[in-house]
Structure formats: structure tokens, C-alpha cells
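So the chains spell out like this:
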There are 4 protein chains.
Amino acid sequence: MPTILGQNQYGKAENRVVKIVRDGDTHHIKDLNVSVALSGDMEEVHYSGSNANVLPTDTTKNTVYAFAKEHGIESAEQFGIHLARHFVTSQDPIHRARIRIEEYAWERITVPGADSRNVGSQDAGPRSAGADEVKHSFVRKGQETRVSQITFDGSKWEIISGLKDLTVLNSTNSEFWGYVKDKYTTLREAYDRILATDVSARWRYHWTDDAERMPDWEESYDQAREHLLRAFAETYSLSLQQTLYQMGSRIIDARDEIDEIRFSLPNNHHFLVDLEPFGLKNDTPDGAVYFAADRPYGLIEATVLRDGVEPRIPLDMTNL
Amino acid sequence: MPTILGQNQYGKAENRVVKIVRDGDTHHIKDLNVSVALSGDMEEVHYSGSNANVLPTDTTKNTVYAFAKEHGIESAEQFGIHLARHFVTSQDPIHRARIRIEEYAWERITVPGADSRNVGSQDAGPRSAGADEVKHSFVRKGQETRVSQITFDGSKWEIISGLKDLTVLNSTNSEFWGYVKDKYTTLREAYDRILATDVSARWRYHWTDDAERMPDWEESYDQAREHLLRAFAETYSLSLQQTLYQMGSRIIDARDEIDEIRFSLPNNHHFLVDLEPFGLKNDTPDGAVYFAADRPYGLIEATVLRDGVEPRIPLDMTNL
Amino acid sequence: MPTILGQNQYGKAENRVVKIVRDGDTHHIKDLNVSVALSGDMEEVHYSGSNANVLPTDTTKNTVYAFAKEHGIESAEQFGIHLARHFVTSQDPIHRARIRIEEYAWERITVPGADSRNVGSQDAGPRSAGADEVKHSFVRKGQETRVSQITFDGSKWEIISGLKDLTVLNSTNSEFWGYVKDKYTTLREAYDRILATDVSARWRYHWTDDAERMPDWEESYDQAREHLLRAFAETYSLSLQQTLYQMGSRIIDARDEIDEIRFSLPNNHHFLVDLEPFGLKNDTPDGAVYFAADRPYGLIEATVLRDGVEPRIPLDMTNL
Amino acid sequence: MPTILGQNQYGKAENRVVKIVRDGDTHHIKDLNVSVALSGDMEEVHYSGSNANVLPTDTTKNTVYAFAKEHGIESAEQFGIHLARHFVTSQDPIHRARIRIEEYAWERITVPGADSRNVGSQDAGPRSAGADEVKHSFVRKGQETRVSQITFDGSKWEIISGLKDLTVLNSTNSEFWGYVKDKYTTLREAYDRILATDVSARWRYHWTDDAERMPDWEESYDQAREHLLRAFAETYSLSLQQTLYQMGSRIIDARDEIDEIRFSLPNNHHFLVDLEPFGLKNDTPDGAVYFAADRPYGLIEATVLRDGVEPRIPLDMTNL
């Protein structure tokens, strides 16, 4: 036979699941987009169309919704672990499950005096809505999308989390000069420029084994995001590569549970507009006017990892 | 001649302009997308291709960037007023200018102790960055896009402002029942449902004349947005139409400077998932699991206006 | 009462309906996206939330699917007429219905000899698949989206049809010079440039009354599209406005059933790249290299109409 | 040092280049979106911000445009080979270049009699415009986007080509039954269903060495696309996996120059609408009405390869 089947996977993609938990009058929301990909003994369905080993993608969708009820959604990672374990352990032909999750954040709508109108006074746990927050009303936060990928092969776990579309900008403390000049180089050096990007980052957890203690996924995400933002803000940047490395190494240094991180950073160019034809000086130190360009854009990608660790995050993770 | 020319307009669309103002170490950012549309004595360019009356769209683009420097960007509305007045008063063939602006909000990145590292102690005006904010580092806010449309015909102004893509959700206090049932009706009545929408709203200002006192555009926007969110959160809703009307009338009541408001509200359906085939009760009072649907969606549109005022906001303003 | 309700409408938007008709082995496909908007006695649902006059949007969705079976989809316009008439005539509180439809075109996949493998020899009507066409296999055509809007108020019809996203380009026979120059003008005149646009057009039919003979909607669309393309190709253009007018007047002249047409034409700029710094001449007569820009872009909009006819197409029809 | 740098790459992404070649009055167009990614001795720019080894991304952009003039664009693959070779051989620190290209197809606008109006009679080469085609007027084809990825490490080439967004549909000859049923399975078996997908495919060429004879990239693309479409149309499908495998093996069998192919195929669900509540039978053999769903969707991915060949196409190539 001249042709053979290689790696293959299947499942239901983009199951949009919203879970509301009611804690008295205070409601909590989880808003996920869950994609399932299963692999295993699937040669026959490709060769002959026999579905004897195929759990329908429709069933994987049903499982997502049922598990949201049965297990709840403590965190995207924990939810994905429940799902991946289920598929691999409950179906013989399935040897590997990969769950990808996007999470959309919401915050509470605040209304002065809402607290007294909506709740009894004894309700004040750490996860409760604060004073002036309406306990069942939310506005979508709208910044980055949190992402995670949970993979299980029956014995070991691989957890990759991260975020995408976190748009940041420094209006100074960025330079670019001293680069290679060849016959196609026309760029002028810059000593005070805008540095802006849409951060896409994926970090891999050290945790791989049920016997080890699992990280606190929610806290780890919040902390990694915080370190990333601070490294962006505090780095005096001579290149976007330098900023990238600072963001990555800050997270690796600060978070023991994270071994590796990969970034894909578009350089969102803001070009100083030439206003001299109109008799105007567009002077950076004075404040300036920029053209925010769409395409093309620089694209800087790199992995930062703990020394001694083997890199495992795919180089093109666009769909995580 | 069997065919004639009707209404026409032209200009440069989607000029992306970013303005940084430096107030000592504290930077301020305005991030706009500006579209220019001019009308007037433009028959000839359509009939014969003569451009004798045509100010190039490239020139309208240059004017946007030059004005960002010359006049600054106090608010999107004020910036559009400068531009519209210029085009109509400086070019005889141009009788009407319409400026549409999208504005993207940014907030400062906070880093503990950032204040002391970045600024001198005397810097503390109301628009300054607060303690722990990096004075030149920003993260895009990512919620709604603020929009405005400024039209000038040489004597009168029409200012329409608003927002789009403000995604909100109430996880209770929404019902839907008592509706008409015909032979195609299968929907079951709902006594506790999720109500969610992406608010798109446009409001028209009373101000039309240079002789009148101009509203404070920034404060007016903030207040209208606040009233809209509160009305959404506080309304116990029997239909999305009722919620819409509450949002609109709250703004008309509270803001004298606004005469009319139009909403376009998709009903972002969250369907309770039937988990009974799996032996699970998906019970609303207990918290529940929902499928967040894409298409189709209900679409509710209406104008709310001050009694005695003539409605002027176009019914389809999708591109404002 | 200080605030009142203005124009309002509601319904289910974006019902994606695919209809397959089997003519022996030869299948025919219609692929539509149907949006319903109803108006009438709807004050109460806005003021008090009473749904007593409200036919649920879910019911309007059901009606779309049921009508695709009951009436078939001869054309988008005819299908919309069935729907609009039904809503206005079957429900007292509904006084006006507007149906918007997007249609996606498909063509047959061709395979040499497919005809003999798939059909009996007697099957050869004009709508049948040709020789070498697989009679149930389709590839989406992928060019423009056909659009239509059918409005009925109980006595008169308004039918607006058209297309969007038809991307066209002339690589010569386009100039731009002789324009107004003010202090912000830096553009250089062009005597041989690329002219490219994504055509968005809406045309209004003369037909308004059931008593008149209805146009052949399918043929009318094909012919209008053809005239539009030919006018684009054959016009030696001194401005995009001139090309727009030629496209519109060609259709008005050639198609008696069409009274008015409105265009929204982005000027998809293709800038000649300056290669002189690299010792290269980027010479238009010789063939040339262009940068295809995203934003900003010129935007040219105008109505062309039959003399004596009142214009009725809204100036901003972006969502038709 | 606790953290180190892993794989990294940089360059200018999404350079939109349009090349017009004039062959007398007959013009030819190539419309590409070119992304450059370079790797090599780039530690320092990450660690210290020194750009001493960094050829600016702006220079890589200039090179794309200059090469379009200097070398022309015979095919996307050949163009990428010129670029990749240049970067690796002209800059010591650069050890590897990856060029990704999207290509958008155009076809000529036809006008009866256009030939005689536009050209002399002697112009009739195989690449000339046909009779009735306007020789400088084009309409974008609008179906799939052709993609290619050219990688060079200084000695070996890797060429991966393919397409994305080719939307196809079979209205019969598709079944799905005999699958695994677990406690979460509710799906009913189907014996005559719509099968539809947006084909995304990437194939890898055998060619790796300048010493070997290079494939005819244009012909190879056309043939691979043709085989893919025919396999889709001719396969009586018991599962989308089976159809995928048929498409892949047909290409591997027929095209010696291709060693491996990977597919990512969403199952674009078309659900038969239940019309029984309205007293209607929605019968497949008779033609039927379907709801075309957005999300979730099945997602089927697999590699098909020549026996004995090592798979090298990344499993997630979404951005190729």
C-alpha cells in the first residue's frame, strides 16, 4: 500500500459552555469555549469508514455539558483534567485526549448601594460580590482571552496555559538602533519610540503526574499575568526581543510551577507622522502624533525556559 | 438624461491616529479611528471625472494627523468639530462634513511602588497617574468601543455619540412569558433565564449651535455609560424590550444634554442544556449549565426620545 | 412623561437555512442567511414588559424554516415576500415586516465523466448539472454575497437587492489628477494607477404592488451584476466617482425594473513601492510592484437614480 | 542562570505585495501576503538588547518588494525560495529562513467583444487573456487561499504548500452510523446526510535539494487541488475521516512530488430541521431544509503520507 495514515485526532470543537453558580444571591460565572481532540485506534474509520471505535463528536459535546454540571468548573485546567481523564479511561480505543479551553473574564457591574438592596448583611466571603456590586449582573472584561491545553495519554499530563490578545503599549523607554544595515536597509534609528504589542503567551507547567501536588491554577494564572505586565512596563527596551525575554524570565524566576514559556509578539508599529510639509514639528519629547499601522508588522517569537528543561511547547500554537 | 446623481459623499476612512501627551513623566494617550465624509458640489467628478472640486482623500487624511498636533485631542467630539468646521469653511465646494470616530480606551499598568520610581513628588494633578501606576505604560481596556459622529453643514451641528460591543449579562431577574402563540410557536415560557446582550447605543445631543454652551463630552459619555449599565443591572426584566426602554429613559431623564437614543441589542441566547438523558437535573435555582449560542439571535432595536423632540438618528447606524 | 418610544423593531436575525431540492439525481442548493424585523403595536412590551402583542423571535425563526419547506426558495426575494406577507397579514399587532437575506452561491464540482457515472441519459433539463458535473457535489463560489431586503407594510412592497464584497481591480486605464490642492495636500498626481475596490451595491426595484407584474429576480440579479462588472472593466477612469456613476447609470439604463442604486466603494489603495533606494526602477509601463494597503482607504458613496424618481435607499445600508 | 532562551525567530509578517506584469495589452497579476521569519545567532538581542546581529524587520520587508521586481513572481514557492536563500546566504548570523505566503487568485472580467477592442490580433499565447476578456480587468476569485511555506537552513529545503477555506458540500452519499455509544450518547444514526467542510490542507514536497529537479509549483498546485475536489465528490462517505483519507491518498498516489499531506477539516454541521410540530414532513429523499450551524463543530485532523516517509508537517499549522 503506497499511502499510510499518520497522526490523527478528532472531536467536537468550540463547545460554548456558561456555568452559573448561585451562592445565595451572589452569582458566579464561568464562560468557556471547550474543544476536544481524541486519538487512538482510529485506522479503520479512515481506511474503511467503520465507526466501530468512534465515540461521536456529538457525545464529546454532551460530555462537556454534563461534566460542567457533575464536576463544576473550578478552573479551566481542572475542568479539562476531568474531561481528558474521562475519555482516555472510559474508552479502550482512545489513548490520548487533548482539551483546549478559552476562557472569557467577566466583572461585576457596580451600582451605589446595590449591596444593601440585594443581600443580607452576613454575606461577605472572599468570593462574594463587594459593596455596590450587583450580585447577578456582569460586564465582560474584554481584555485578554485566557487559554489552556490539557493533554493526557493515560499516565502523564501536559498542561499548557496562557493568554492571547493582551494589548499593551509603552509610550517611551523604547529605542531601536545599532542593527545590521545591508543594501535593502532604509530604516532610521529610533531613540524614543512607542513599543506596543498584543501579547500571546503559553506556559507549560512542571506538573505531569497525579501523584504530585497540583498547582493552584487560578492563582498561578493571575500571578503569571501580573509578572508579565510588570516586566513589560518596567523594562527599558532596546528591542522587542529584550522585552520578550524579560517577560519570560520574570515568570520562570517567580513561579516554580512553570518550566517553559513561549511568546508570539507582533510589533504593533506606531509611526511618527511627518508633519513638516505642514510647518509642524512632531516632536517626541513634547508628545507626538502617530499612525497606528495594520500590516505589515514585525513578529517576534521565542521560547524562554528553565535551564535543564526540555522545550515541549509547539512553535506554532496559534489555536491553543 | 435618464439617470441622475443622488446623495453622495467621499473622504478617507479609518485613519488610525494615536496622540501621546507628556505631562512631565506622566503620559496621556488618545487612540482614535477617524473617518471623513465630505459632500457638496461634486456632480462633475461623477459625470466627467473632473476633479476640479475634489480635495483628495489623501489630503483629508493629512488634515486629521495635522489637527491632532495643532489642536490636540481633548475629546473625540471636540476633535471632530475642529475637523468638520475646517473642511466646510475652507473649501467652497464642500457644504457638509461628517466625521466618524471610534475611540479605544486604555488604562494604566500598575506596579507596586511604581510611583516613587518614576516621578517627582510634586506631580499629583487629577489627571496624573496614581500611586503604583507606571506613568507611560498602558493596557488596552478592551470593553466597549466609544463612537461619535460629528456633522456640520456650515450653520448647524449634529452630534451623535455612543458605544458598541459592551457585553453584559444578568444571570437572573429575567423572565419571558405571556407572548403570542401561533401555529409556528414551540418556545416554552421562561421564569428565570439569563439575559445577555452586546449593547450598541447611539445618543444625539441637544447642542446644535456654536452660540450655545457645549456639553462636557467626556463627562457626558461616562455618565451615559454608567446610567446604561445601572439600568441594565437594576431592571427586573420581562422582555429585552423593557430593559432597552429602561436604559434609554434613564439616560434621557438624567442627562439634559441628550435628546434621543437608539439601541440595537442582540439577544445573546443562553440555552439551558437538557441533561436529563444523562440522569442530571439542570436546575436554574441551583446554578445551571448553559449553551451560549451564536446564530440565530433575537435582535431588538428601538429609539427612546424626549417627548416633543423629532427623532433624527438613522435607524441603521451600524457603521457609526 | 418626559420620554417616549420611537421607531422600534424586533425579530430573529441570521437564521441560516440551506434548502436542497432533488431533481432525480441532480440536486439544487439554496444557502441563505435570513433576518426578520417586525414592527407594530409594541408600546406595551417596552413600557411594562407585557408580551401580549409579541410573537416570539423564536417563532419567526420556526416560520423561516417551515416556509422553506412549504413554499420552497425560488429566489431570495420571493422567499422574503412570502415571509413578510405572512407576518403582516397573520398577526394584527404587526404592521410592517422587513426581511433581510444574504445568499451564498455554490457551483458544481466537475469530474471528467461524472455525468455517465451519476445519471441516466434522459436527465437533461436546463437546470440540470452539465456533463462532467457531479450532481450532488458543490464548492462554494466565494465571490460576492448577494443581499436583499423585502419590506411590506400591508399594502406596498419595497424590494432592495444588491451585493457586497465583490472585489475588482483594473491594472491600468485609471488616472487621478487636477484635484484641489490646499496646505495639507502632498499627494502626487497619477497618470497610470491601479483602481481596485470591493463593490457594495444596493438597488431598489420599481415593483411595489401585488397587482403589477413581478420582476424575474434571478435574471435581474445576474444582469445587474454583469452590467456592473462590465462598466467597471470598460470605464477609462479619472476618478473612482466616475467609475461609480458609470456602473450605476449602466444598470439604470439597461434594467427598467430598477429605479435607484446606491454604492459604497472603498478605494483599495495599491501604492507603487519606491525601489530607488535599492537602485531599481519601479516603472508602471513595464509592470510594477505595489503595496496593497489596509487602512486608511478612500471611501466613495453615492446614489444613482432614474430621473424623476424619489431616492429611498438609506444612506447607510451596511447591514442589508 | 536559571532561565535560558529556546527556539526563536523574527521578521516582518504579512507584507502585502501585488505584482503586475504587462505582456503587451494583456496584464498578469500576482497577489501575495508574505511573512518572513529568521533564526540564528540571536541570543544577545534577547539578553541585552544588542541589535548587532539583527537585520531589521523593516529591511526584510524592503527585500520582499525589491525581489518582486528583481526576480519577479513566477510562483509563490519560487519567490519564497529566492527570499529564503538570500537571507541565509547574505547574513552570517542568520542560519535559517522561513517564508510563509498566502496567495489570492484573480480571474479576468469578461465582456462580449472585449478582445477586439483591446488587443491586436497577433496576441494569442497560452497565458494571454481569451476572447471577450478585458486584458487588464480582474475580479477576485474568492474561493480558497493558496498557502506555502518555504524553509531553508543553508543546505536543505522544506517546501510545504496547500490551501485553506475551500468550502465544499455533498448533499447526499454520506452516512454516519455504527459508532460507539456510551452514557452520554444521544445522537441518532444518519443514513443520508449533508457532508460539508472547509478544507484546510498542507502538503510537503519531496524536493529538498538544489541539485534535484524542482517541481512545477503551479501545475502541482492545480493538480493537487483537482484531485482533492474529485476525491471529495466521488467518495461515498461513511465518515468524514474516510473522506479525508481518500482525498489524501488520491494526491499521494497521483503526485510523485508530494510525500505527505495533513488535513484539518471542520464538520460543518447541517442539521435536518424538525418540522413535525408544524405538520410538515422534512424528508431527505424529497429534498430537505437544514439549519447550518456555527459552533460547535466536529474537527477531523489527520496526516496521510507515502509509506516509508517520515512525517514532518507540524500538527498545528494554522498560520501557514
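Computed from a predicted model, the values in this text were never measured in an experiment. (Residues numbered from 1 in each chain as written. Chains lettered and ligands numbered in written order. Predicted model: local features only at pLDDT ≥ 70, side-chain atom pairs only at ≥ 80, totals over all residues. Heavy atoms only, no water.)

Undergrad: Any chance you could explain the pattern of salt bridges here in plain terms?
TA: Pairing is possible between side chains of opposite charge, provided their charged atoms come close. A complete count under the given rule lists 100 salt bridges over all chains for this structure. The closest approach of N and O atoms between arginine 98 of chain A and aspartate 316 of chain D, which form a salt bridge, is 3.9 Å. Highlighted residues: arginine 98 of chain A in strand β4 (residues 94-103) and aspartate 316 of chain D in the segment after β13 (297-306), drawn from two different chains. You'll find arginine 98 of chain A and aspartate 316 of chain D in the same group, each marked buried. In this structure, the salt-bridge partner of arginine 108 of chain C is glutamate 133 of chain C, at a minimum N-O distance of 3.9 Å. With arginine 108 of chain C in strand β5 (residues 106-110) and glutamate 133 of chain C in strand β6 (residues 133-140), this pair connects stretches of sequence that are 25 residues apart. (Salt bridge = Lys/Arg side-chain N within 4 Å of Asp/Glu carboxyl O. Helix = DSSP H or I, 4+ residues; strand = E, 2+ residues; numbered from the N terminus. Buried < 20%, exposed > 50% of the residue type's maximum accessible area, 1.4 Å probe, protein only.)

Undergrad: Can you help me understand the confidence of the model for chain A in this one?
TA: Any region with low pLDDT has predicted coordinates that should not be read closely. Residues and elements named next belong to chain A. Chain-level statistics for chain A give a pLDDT mean of 93 and a share of 93% at 70 or above. Segment residues 116-127 is flagged for pLDDT under 50; beyond a separation of four residues in sequence, or across chains, it makes 14 contacts in the model. Across the interfaces of the predicted complex, the ipTM metric reaches 0.94, alongside a pTM of 0.96. (pLDDT = per-residue confidence, 0-100. Contact = heavy atoms within 4.5 Å.)

Undergrad: Hey, could you run me through the interface of chain A and chain D in this one?
TA: Think of interface size as the accessible area that goes away when the parts come together; that is how it is often given. Contacts between the two partners involve 79 residues from chain A, matched on the other side by 79 residues from chain D. Between chain A and chain D, the buried area comes to about 6,800 Å², and carbon and sulfur atoms account for 51% of it. The tally of links between chain A and chain D comes to six salt bridges. Salt-bridge contacts for arginine 100 of chain D lead to aspartate 316 of chain A; the nearest nitrogen and oxygen are separated by 3.1 Å. Scanning the region where chain A abuts chain D turns up 46 residue pairs in polar contact (both at pLDDT 80 or more). When contributions to the side of chain A that touches chain D are tallied by element, the ones reaching two or more residues are β1 (3-13), β2 (15-23), α1 (43-47), α2 (57-70), β4, α6 (240-254) and β13 (297-306) of chain A. Residue contributions to the side of chain A that touches chain D peak at 11 residues, all from β1 of chain A. Grouping the constituent residues of the side of chain A that touches chain D by class yields 31 nonpolar, 31 polar and 17 charged. Two strands pair when backbone bridges link them, and β1 of chain A and β13 of chain D are joined in this way by nine bridges, in the antiparallel orientation. Its bridge partner being in β13 of chain D, leucine 5 of chain A is matched across the sheet by valine 304 of chain D. (Buried area = accessible area lost by both parts, 1.4 Å probe. Polar contact = N/O pair within 3.5 Å; in protein donor to acceptor, adjacent residues only side chain to side chain. Nonpolar A, V, L, I, M, F, W, Y, C, P; charged D, E, K, R; others polar. Pairing = 2+ DSSP bridges.)

Undergrad: Please explain helix α5 (residues 217-234) of chain A as it appears in this structure.
TA: Residues lying three or four places apart along an α-helix face the same way, a consequence of the helix completing one turn every 3.6 residues. Here α5 of chain A contains 18 residues, and its C-alpha end-to-end distance of 26 Å stays within 8% of the 26 Å for a straight helix at 1.5 Å per residue. Turning to α5 of chain A, its buried residues are Trp217, Ser220, Tyr221, Ala224, Arg225, His227, Leu228, Leu229, Ala231, Phe232 and Ala233 of chain A. (Expected span 1.5 Å × (residues − 1).)

Undergrad: What is the right way to look at the relation of the copies chain D and chain C in this model?
TA: Copy one and copy two of the chain differ by a rotation about an axis and a translation along that axis. Structural alignment of chain D on chain C gives an RMSD of 0.0 Å, achieved by rotating through 180° and translating 0.0 Å along the axis. What the superposition gives is, in effect, a two-fold axis relating one chain to the other. Relative to the rotation axis, the closest C-alpha in chain D is found at glycine 142 of chain D, a distance of 2.2 Å. The residues that chain D uses at the interface reappear at the interface of chain C in 100% of cases, marking a shared surface. (Least-squares fit on C-alpha atoms with pLDDT ≥ 70 in both.)

Undergrad: Explain the packing of helix α5 (residues 217-234) of chain D against helix α6 (residues 240-254) of chain D here, please?
TA: Pairs of packed helices are described in terms of their axes, by the angle between the two and the distance that separates them. Residues and elements named next belong to chain D. The N-to-C vectors of α5 and α6 enclose an angle of 140°; their axes lie 8 Å apart at closest approach. Between α5 and α6, the interaxial angle falls into the category oblique. α5 and α6 meet at a crossing whose hand is right-handed. For the pair formed by α5 and α6, the contact residues are Ala224, His227, Leu228, Arg230, Ala231, Phe232 and Glu234 on the first element and Thr243, Gln246, Met247, Arg250, Ile251 and Ala254 on the second. Broken down by class, the residue content of the contact of α5 with α6 amounts to seven nonpolar, three polar and three charged. (Axes fitted to C-alpha atoms, helices over the stretch in contact; angles between N-to-C directions. Parallel < 35°, antiparallel > 145°, perpendicular 65-115°, else oblique. Left-handed = near helix turned anticlockwise from the far one by under 90°.)

Undergrad: How do you make sense of the relation of the copies chain A and chain D when you look at a structure like this?
TA: Each copy of the sequence occupies a distinct position, and chain A is placed on chain D by a rotation of 180° and an axial shift of 0.0 Å, giving an RMSD of 0.0 Å. Same-surface contact between copies: 100% of interface residues of chain A are shared with the interface of chain D.

Undergrad: I tried to follow the environment of glycine 24 of chain A on my own but got confused; where do I start?
TA: Residue and element names in this part refer to chain A. In this structure, glycine 24 sits in the loop between β2 and β3 (26-40). Classification of glycine 24 by relative accessible area gives exposed; the value is 59%. Taking C-alpha positions, glycine 24 is 9.4 Å from lysine 135, a pair spaced 111 residues apart along the chain.

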